[in-house]
Every structure is written in structure tokens, then in C-alpha cells.
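Structural characterization, general
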Amino acid sequence: MNAGARSGSAAPGADIAPADTLAEIERFLAVHPDDPAAPLLARCAEALHSSHTRYEALFDAVPDPVSILSETGIVLDLNKAGIAAYQRPREAIVGQPIELLNPDLPRDHLDPVWETLKRGETYVIEVTNMRGDGSRFPVEVHSAGFQLDGKPCIVAVARDLSGRWQAESRYRLLMESIDKGVVLFDHDRRVVSANPAAHRILGVAANEALGDLLQPDDWVVVDQHGRHLPREQWPMSRAFAEGQIIASTTMGLYHRPKGRMIWISVTSVPVFSTGRDQPDHAFALFSDITELKRDSAIFDRAQSLAHIGGWEWNRSQQRLYLTEESLRILGQPDPPQTMTQLLACLRGDGQARLEAALIDAVARQSGFELELQGQRGDGHSFWVRMIGEVESGDLASTRIAGTLQDITERKQTEETLRIQARTDPLTGIMNRDAALCDLAARLSNPTHARVAVLYIDLDRFKTINDVLGHNAGDELLIEATQRISRAVGTEGLIARFGGDEFLVVCDTRDLPDQPERLAQAITEQFASPFRFGKDEFSVTASIGIARAPQDGTRPQQLIQNADMAMYDCKRRTRNGWQSFSAELARAQQDRLQIESQLRRATDEEEFRLVYQPQVDLRHGRVVAAEALIRWQNHQLGELRPDLFISHAESTGDIVRIGRWVLHEACRQVREWMDQGLGVVRVAINVSYRQFVGEDLAEQVREALAEFGLPGSALELEFTERVLIEDAPSTLQTFADLRDMGVVLTIDDFGEGYSALNYLRRLPIHGLKLSQLFVEGVPGNRSDVAVCEAVCGIARSLGLGLVAEGVESEAQRQFLLKLGVPVGQGFLFAPGLPPDEFARRLEELQLPQLTP
């Protein structure tokens, strides 16, 4: 390669200066051979040619690829070794960016290079270079800076690492194939690497982290004489401390978590980094010598530290040998000398299991591992893990040997945890998981499968828990547990199944009426009130009963049916019991069908509203209307509100339905106004779920604005349950609604919690006297008393009052005498379609009633 060729292929503006100057002189002499300066220029050309030849010889003599790069990473020159290594023509490389040879370099790869070079240091990096055919090879690049024609440049020498990688691969292959364990530790005794043999010897799976296993506190380490070996005397610790090889050292290792004892012979080799006088790494090379130590006294001593003894049974001589630690574990006054005597120490099915394991070990030339319970001479129980195997090479299986480990403490801990896992921490009785487990065991045993489940729910528990706090609730649960326990006695198992729900499981084989008798006894226990300080509260129990096998053969099925019966009891009477029946099952099926249809009813436009007039009881004038929802389903037909509203409450669909009712009622009032009927106040029912889960005030504000209605056109009726759900947010919602002019009324007052404290604080307008009490007046004294009390409350608080369910003239007259101004009911009109209600208003067809 001549100087002209090397120079001619360099990048513009970045040529090698001697070659460029020589080319210019040669061109001048060729054109002007007779010029007076020609001899002098000829001698200069000869000197330049000699200098460039020496440069080329040195550049190409370097055996590694050498590149000269511009400040921006353009290849200015490349030696012969580089051309050979990259397998590309020189003209395909020179003048191109360095990324051609290193396609994996990031954009800013030159930044750290120049930072290092400017400090006068050499920049070293390992990268992957690419040949002309696309193949890759690893290199270690050393870069240095220099000036060329006053411009900073880089000379980069790339050393092929393929040979080193091959050597490392052969090293890894060697480490993976040898049978000796090899572990590399850093100075903090952390595992850096380990070969497969180390994993196998130490009992770690190949995909597990060896470092997690080698926690010093998990191991008991003994020396070759069975004495405890302090951590500073471990061969690895000595190799780091002394900086010398610690040759073959025998050590016994007992791993506490796994209960495994191994013996190893280990050599520890310190590793020094360049220029250091203290080792920063150390190799541990070890072999498994457990088999060699099995029969020695040293082995027996070492295992005693871990509460492990040894045993050997000579079948031909019927002789049993036990180490001292084994004799201590068994704790017998007369040491067992035969296998029969050892079997006599065991309890339960331990004797049969050990006999079967010994027979199988002889027959199969295999080993066994058992956990067995026994009794010591002092009467205390013990637990042992017994491991045995036929001696290797003993074709007649005359000798079976193994270890005996004391696991009594672990078993006692497990039993304590098992009891805790099955016990409810508050009441001390069984918890849900324990009840399910025991019930499953009974149902799986044909002899004990005839059982009954009593599902018990405490009535009004939530009220006390909310009003008095969780401490009072916990006290109530504890006392309720005691009452149930007194009622059940030894006739059944009791468990706490949920917050205020209990389960009783009883046998029905000999006493078919046992469930009903226990249910009656439980309800009687709840007859007396619960006392908290000076206050007394009546808390009753609703109970559902389900029997196996007729009501279910699986725990969940039986409990679900008992739960269903309990809810039926709570819905009917409370403070009683109800047995599951086929009718209940059908009702549940109907409920599921209603709920599935209910989710689509709004989208299918199956709901409609009818309007029942609210009438001035004295003069018969219509003063307002209550919007009542009706559902016409394409599969189920017309459904009464009492059939689907409760389902909607429990599923949460009532929130979506409530939004539709609000919107539709406002739309209808707007339509009546457009017809010239004036503003008709419409009352709608609002669920407690709309208070606790929705921004009710904002929804009402949007509906009124959408249809251009004043707040006085709307009356919201809510039950007393709203009063205790969330007092702070309820107060704010009521205040916002009242500010809009919306009329607020408590519906069915007297049926619920009658939380008079909340009633006094809430900014409401009126009460609604429940049909439940109105239907009994004036003949029923209790209903008369309730109506009088509600009227008194309304008068004292300055609240309006509306009576529901007025169906007779006698009721109207009675209510008038009490001072009830407004009523609604069939005496005046049922719920009317919007058009008919409008006609009633126009034609004044309602009778003008007189007092």
C-alpha cells in the first residue's frame, strides 16, 4: 500500500499530512521538470517518502487492529490487522463513522472517551465489533489521544477477546463437570458463584439461590471431634484473615431449617486482586464425606448437638444399636435392645407405620422417613423423625441404619399454631375455617353425615356497634358467644362464622328434632337484654336451619341454605328460627331471576311511574302526589314493588333505578306545567344507598335545572336507616337539599330505628305516618298509641305530617282529630297513570270531603 493510496482514500480535510505534501510535490515535478527549484524539491520528496514508508511499516506492524479517528469518530486510517480483522476493503472503512465497525454503540459514546482522554488517561472498554459478513467478535479497545495538524484525534487499539472467552467457557465447563463443590465468596462472605456440585452437596435445587441457604445463623458447625466451631475458626474466615490456603479441613454442618446433617472436607483458597495485600475473594472447594462419618463416635457426638441420634438394626441377629443421643430422646428406663422393644415405645398408629416401613425397605432395598409419636418412661410424650435405609451393598438387607431426631418442640409449636389457626381470637371458639373443615369431615363420613347446621345472626348488632362503638360491639359478641354456649352445651360445635354470625353444627342421627330444640334454647337465651354500663339493649337472634343430606351434602351448600332460611326468618319476624324448605329454594331461585332481569330493566325501559294523590284530609283537595314505581318485565310480567325493591337494595341496583325515578318524576312535572296544570309537588322515595354512595344533592340540582323546576316541586322521602348510616355526610346532604327548596320527609316513621337524636338535628320538613300503624286505627289500641306519639313528635318539632294507607272514612276522621292534615290511600285514589292524574286535577273528580 503506497502513500498516495493511503492518503487518497482518507476523509476530506482530515488527510495524513506527509502523504498529502508528497503527492503535491510529485505533481509539481511532473509538470515543471526544468524549474530551478526542481532539484531541491526532488530531495524533499525523497525525504518525505522515506518518512512515510517508516510510518506505514510501524502502523502495519502492530498485530492488533489499530484505527485513527477524528474528533467526531470518523475513521481516518486503519492498519493491515484491522482490514484483516474486519474483513472489509480499506476504502469501505476509511472515511466512515466508527459505528460501521461497532453498530451497538450509543449516540453519545464519544463523550466518556474524550472526558477520559482530556485527563491524560487511556480509555478502555469491552465492545462487540462486526465483520464485513455481519458476524460479531468481542474486543477490548484501548484509546489514547494525540494531535494531528493541530486537531485532536484518537488512536484506538482493539484486542480480540475471542480466545479469552473460549478459555472462560472451558473453565465454566470444568466447574460444572467436576464432582467437588466450588463456591466463590466475597469479603463479606456473600456467595458470588457456585457450581452444580456445591448445590447438590448442600441440598439446594439448581434454580435456587445458594446464598439464601448459606445463612450463618441457620447452621450448627462442628470440628472433626464434634466440638462446636466458632465462626472465626471456620476455614473460610481463616483464609480471609491469614491470606493463606487453609488445606483440607473436616467439618460437620447441621442445617436447622431442614434438619439435615452433612460432613465435608473443605479447602479454602484466598484470591488477591492486582496490587492488594489482602484477599477480596476466597474459593471454598469441598467434598461430601457424610457416608465416611456415619458409623463413627465423632458423628454421634456432632449429631447430639442437633438432637439427632443414630440407630442400626441387625436383622440377622435381631439386635438394635442406639447411640447415646437416641437413648436420651426415647427416654426409656430400660434401653431398647430389639426392634420390638423400640416399637413398644410408640403410640397411636406409629407401631404399624414403622413395621410397614421396615418391611418395605427390605423388600425394595429403599429408605424411609417417618414422623412418629411415643411416650417416655416419665410419662411425657415425644415426637421423632426417624430416617432409615438399607446399608449400601448389603444384598441380603441384613442391616438397616439411620437417624433419630427429636422434633417434640417443633410438633408442640405446630399444635399451638394449629389451635390458634382454628380459633377466633375474640370469642375463643372455632373460626370459619375450622367450622368448614370439621363439617366437611363429618359429611365425608357416612356414619356421621346426618348433621344439621344452625346459622345464627344477631339482630340490631350493627346499631349498637355504630352507636356505642366497636368496644361495645366486641363485648356484645363475647356475651352472645357465652349465651349460645350455654344453650348448646355439649350437644353441638359452635363457631364464629363472620362479624355477628355464628354457626352451630349438631348431630341428628338419634334426635331428629335436635336442631329445633337448640334453636329454641338459643332464642330463649337472648330474651333478656344486654347491659352496657347503665344502659340496656335488646339484641335478639335470627336462626336458619339446614339438614344433611336432604338440604345439602357439601359444607358450602348446607351453610348457604341455612343462611337463606335465616334471612327468611329475619324478614318475617326476627328473634326466632326457620328451617330450610323447597319453597325457600324456589323463592331463592325467583330472587336470582328477578335480580338478573332487574339489571336490564332500566335499559329496556320496563319501568314506569304512577302517581298517588296526597289529599287535604279536611277539604279533599289534591295538594301533592307520590311517584310509585311499577315494573312490567317481558318474562316475569307485572311485579309488585315489594317483590323487587328489596332485591334492588341488596344488589345496589336501587342507585341506578333511583336516578331514573328522579329524572322521570321531574320530566313529568315539567310536562304537567306545560299543560297548564301549574307546579305539582311530587314525592319520590330515596334509598339509603343513594345517600352513602352517590352525590345525591348534585343529582337533584342537575335534574331540577334540566327541566327548569323550582326545588319546591320535589319532595324526597327516605327511611330512618339513612339517619345512622353516615351522620356527617347525611347532615351536609340534607342541608344542601334544603337550600334548594326541596321538601324532606322521613317515610314510614316509627318502623325503623327511631333515632330521635338525629331527627332533632336534621333539617327535615315532615314525617310520614306508616301504613303499618294507620291500618289498625281507630280500633287497635297499640296502633292508636303509636299514631298519637308520632303526631306529638311532629307537633313538638314543628314538622309536617302525612298519613299513608288511608282506606276508610273512620281512619280519615280519626286522623283529623289527631291533627294529621294530609293523607293518601285507596279512600281517595290508587296510583294513577300521568294522564289520569292530570284529568283528576282538571276535573276535580275527587270528593270534597268534610270533617
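Coordinates for the structure precede this section.
Notes on the structure in this doc start here.

Reading guide: rules and limits
- Residues numbered from 1 in each chain as written.
- Predicted model: local features only at pLDDT ≥ 70, side-chain atom pairs only at ≥ 80, totals over all residues.
- Heavy atoms only, no water.
- Helix = DSSP H or I, 4+ residues; strand = E, 2+ residues; numbered from the N terminus.
- Contact = heavy atoms within 4.5 Å.
- 1 Å grid on protein atoms, 1.4 Å probe; cavity = no way out; pocket = protein on both sides within 12 Å on 5 of 7 lines; lining within 4 Å.
- Points joined across faces, edges and corners; volume = space filled by probe spheres on them.
- Nonpolar A, V, L, I, M, F, W, Y, C, P; charged D, E, K, R; others polar.
- Salt bridge = Lys/Arg side-chain N within 4 Å of Asp/Glu carboxyl O.
- Buried < 20%, exposed > 50% of the residue type's maximum accessible area, 1.4 Å probe, protein only.
- Axes fitted to C-alpha atoms, helices over the stretch in contact; angles between N-to-C directions.
- Parallel < 35°, antiparallel > 145°, perpendicular 65-115°, else oblique.
- Pairing = 2+ DSSP bridges.

Brief notes about the environment of Cys 569
As for its placement among the helices and strands, Cys 569 is situated in helix H20 (residues 555–572). Taking the C-alpha atoms as reference points, Cys 569 and Ser 579, 10 residues apart in sequence, are found 8.8 Å from one another. Ignoring any residue separated from it by four or fewer positions in sequence, one finds Cys 569 in contact with Ser 542, Ile 543, Arg 574, Gly 576, Trp 577 and Gln 578.

With respect to empty space enclosed by the protein
Using the criterion set out here, one finds one cavity of 30 Å³ or more in the structure. Quantified by volume, the largest cavity comes out at close to 30 Å³. Along its surface, the largest cavity is lined by Met 430, Ala 435, Asp 438, Leu 493, Ile 494, Ala 495, Leu 503 and Val 505. Considered class by class, the residues forming the lining of the largest cavity number seven nonpolar, no polar and one charged.

Notes on the pattern of salt bridges
Taken as a whole and judged by the stated rule, the model has 39 salt bridges. Of the charged contacts in the structure, one is a salt bridge between Lys 768 and Glu 804, with a shortest N-O distance of 3.6 Å. Note that Lys 768 is positioned in strand E30 (residues 766–769) and Glu 804 in the loop between strand E31 (800–803) and helix H31 (809–818), a separation of 36 residues in sequence. You'll find Lys 768 and Glu 804 in the same group, each marked buried. In the salt-bridge network here, residues are joined through shared partners; they are Glu 325, Arg 328, Arg 376 and Asp 406.

Section: the packing of helix H21 (residues 582–601) against helix H22 (residues 641–651)
At their nearest, the axes of H21 and H22 sit 10 Å apart, and the two run at 75 degrees to each other. Between H21 and H22, the angle falls in the class roughly perpendicular. Taking contact as the criterion, the partners of Arg 591, Ile 594, Glu 595 and Leu 598 in H21 are, on H22, Leu 643, Phe 644, His 647, Ala 648, Ser 650 and Thr 651.

What to know about the pairing of strand E17 (residues 451–458)
Here E17 lies mainly inside the structure; eight of its eight residues are buried. What you see with E17 is no split at all: Val 451, Val 453, Tyr 455 and Asp 457 on one side and Ala 452, Leu 454, Ile 456 and Leu 458 on the other are buried throughout. Sheet topology places E17 next to strand E19 (residues 501–507); seven bridges connect them, and they run antiparallel. Considered in E19, the bridge of Leu 454 is made with Val 504. As paired strands, E17 and strand E22 (residues 541–547) are joined by seven bridges and run antiparallel to one another. Bridge pairing in E22 links Leu 454 to Ile 545.

Structural notes on the sheet that holds strand E4 (residues 136–148)
One open sheet accounts for five strands, arranged E2-E1-E5-E4-E3; its pairing is antiparallel. Of all the strands in the sheet, the pair left with one neighbour each is strand E2 (75–78) and strand E3 (123–130). Going across the sheet, the axis of each strand differs from the next one's by a mean of 30 degrees, ignoring polarity. Two strands pair when backbone bridges link them, and E4 and strand E5 (residues 151–160) are joined in this way by 10 bridges, in the antiparallel orientation. Bridge pairing in E5 links Ala 144 to Val 155.

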